[in-house]
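# A look at the structure
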Amino acid sequence: MQLKMLPLNELNFLGFQRRHIKDNLSALKSSIWNNGVIYPIMAIKNGAGYYVVDGKRRCVACRDLNLGVDFKIPSLIISADTAKASQFNLIANTVRNNFGPLEQAELSNILINKYNKQPQELAAALGVSQAYIKRIINIFTLPKEMIAATRSGRITFSHALWLTKLLPAPKK
């Protein structure tokens, strides 16, 4: 790991980042305007630029403030592939309680199905049970309309999990 000041224009976002920026960034923008970026982002090297692993809100706030292409943001550069970076992102946001259960389920599902992570590996990294990981990713057995309703808040995550129990068992 190394700490660097990275130009804002060299930072990009990976598709695995499940946290949606819904909240008002005005308090964060005000803090950055008055104090700068205090807490470094986490990034991985990608060609000529970097992918943000943790710190998307800080980067978006800086871009919204139009601080210029020369503005540099404190960054902790880690050596990791995208699978490991996804895991770091999941852990960081879960520990801070920034992920809702659906976002946690989405990223866990990506790690298991795209990057072949084992549920017990994720469970150990997050400090939860393997049964919990299997239960939350089970939501993706629901029809897309129900997942969309969960994402929009028309169905709670808890209700969506109960609905998974009503579906027929998958054929083996």
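Residues numbered from 1 in each chain as written. Predicted model: local features only at pLDDT ≥ 70, side-chain atom pairs only at ≥ 80, totals over all residues. Heavy atoms only, no water.

## Description of the overall build of the protein
- Each helix and strand in the protein was counted, giving 8 helices and 5 strands.
- Secondary structure elements of the protein occur, N-terminal to C-terminal, as β-β-α-β-β-α-β-α-α-α-α-α-α.
- Expressed as a percentage of the 172 residues in the protein, the buried residues total 42%.
- For the protein, the share of sequence-separated contacts (at least 6 apart) that also reach a separation of at least 24 residues comes to 71%.
- Working note: accessible area of the protein is about 9800 Å², and carbon and sulfur atoms make up 54% of it. (Helix = DSSP H or I, 4+ residues; strand = E, 2+ residues; numbered from the N terminus. Buried < 20%, exposed > 50% of the residue type's maximum accessible area, 1.4 Å probe, protein only. Contact = heavy atoms within 4.5 Å. Areas by Shrake-Rupley, 256 points an atom, 1.4 Å probe, with all protein chains shown as cover.)

## A look at the state of the cysteines
- On inspection of all chains with the given rule, the structure shows 0 disulfides.
- Of all cysteine sulfurs in the structure, the one in Cys 62 sits closest to Cys 59, which takes part in no disulfide; the separation is 6.5 Å.
- Assessed through its relative accessible area of 0%, Cys 59 is described here as buried. (Disulfide = S-S within 2.5 Å.)

## What about the sheet that holds strand S3 (residues 41–46)?
- An order of S1-S5-S3-S4-S2 is seen for the 5 strands of this open sheet, with the pairing classed as mixed. Looking at which strands have only one partner, the edges of the open sheet turn out to be strand S1 (2–7) and strand S2 (11–13). The average angle at which neighbouring strand axes cross in this sheet is 50 degrees, direction not considered.
- As defined by bridge partners, S1 adjoins strand S5 (residues 72–77) across 6 bridges and the pair is classed as antiparallel. (Pairing = 2+ DSSP bridges. Axes fitted to C-alpha atoms, helices over the stretch in contact; angles between N-to-C directions.)

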